[in-house]
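A closer look at the structure
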Amino acid sequence: MERSLVLIKPDGVERRLVGQIISIYERKGLNITALKLIKPTREIVETHYVEHKDKPFFPELISYLTRGMVCAMIIEGPNVIETVRKINGATDPAQAEMGTIRGQYALSKSENIVHASDSPESAEREINIWFPETE
Ligand code: CMP
């Protein structure tokens, strides 16, 4: 059984889409094994996105993620990392298939509503950042 760290970003919470997005993962048959609403600190978000720290969009990314509540989840299931990334769609919503979460709900490459881990190693690292109590 594989795990993924999934975030519904502040635009998703502000637009009251949390229930609809969670139901998409649940209807697929995936298990949400931890869930919390959190207004993340700058430290959490900078650690989470450390691989992007030299990108020009990094300051914008940090202010986006820290501006409001985030719904953080651990989702489990067979092959969950690939499955959730397919459900979420391409990073750039303009490239995302219309049946995906980003295809349906997002317009902007920076405000793209959801995040999911891209590998089992990333998932374990990200889970430790957002759910240190489960270590
Ligand atoms: P995510 O999948 O969480 O991983 C990195 C995030 O950086 C991405 O979603 C977007 O929110 C953001 N991002 C990626 N590319 C760009 C870009 N070119 N401009 C602004 N934000 C971006």
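Computed from a prediction, not measured in an experiment: that's the story for all the values here. Every chain is numbered independently, its residues counted from 1 as its sequence is written. Two thresholds apply to this predicted model, a pLDDT of at least 70 for residue-level local features and 80 or more for giving and counting side-chain atom pairs, whereas whole-chain, interface and lining totals are computed over all residues. The side-chain quantities take in all heavy atoms of the structure and omit both hydrogens and water.

1. Remarks on the packing of helix α2 (residues 18-28) against helix α5 (residues 80-88)
Definition in use: For helices, the fitted axis covers only the stretch in contact; all axes are lines through C-alpha atoms, and the angles between them, taken along N-to-C directions, range from 0 to 180 degrees. The helix count covers DSSP runs of H or I at least four residues long, the strand count covers runs of E at least two residues long, and both are numbered beginning at the N terminus. Geometric relationships in this document are graded by angle, where less than 35 degrees denotes roughly parallel, more than 145 denotes roughly antiparallel, 65 to 115 denotes roughly perpendicular, and other angles denote oblique. Here a crossing is called left-handed whenever its near helix is offset anticlockwise from the far helix by less than a right angle, and right-handed whenever the offset is clockwise. By definition, residues are in contact when any of their heavy atoms lie within 4.5 Å. In this classification, Asp, Glu, Lys and Arg are treated as charged, Ala, Val, Leu, Ile, Met, Phe, Trp, Tyr, Cys and Pro as nonpolar, and every other residue, Gly included, as polar.
Interaxial distance between α2 and α5 falls to 11 Å at its minimum, and their mutual angle equals 135 degrees. Relative to α5, α2 is oriented oblique. Crossing of α2 against α5: the hand is right-handed. Together, I24, Y25 and K28 of α2 and T83, V84, I87 and N88 of α5 make up the contact between the two elements. Class assignment for the residues of the contact of α2 with α5 results in four nonpolar, two polar and one charged.

2. Topic: the site of the ligand
The cut-off we apply is this: Near is defined per residue: the residue qualifies when any heavy atom it owns lies within 4 Å of the molecule or strand. Each polar contact in these results corresponds to two N or O atoms within 3.5 Å; when the atoms are within protein, one needs to be able to donate a hydrogen and the other to accept it, and residues that are neighboring in sequence are counted only if both atoms are side-chain atoms.
Every residue near the ligand is listed here: K9, Y49, H52, F57, L61, T91, R102, K109, S110, N112 and H115. Within the side chain of H115, one N or O atom sits 2.9 Å away from an oxygen atom of the ligand. Across the shell around the ligand, the residue classes tally to three nonpolar, five polar and three charged.

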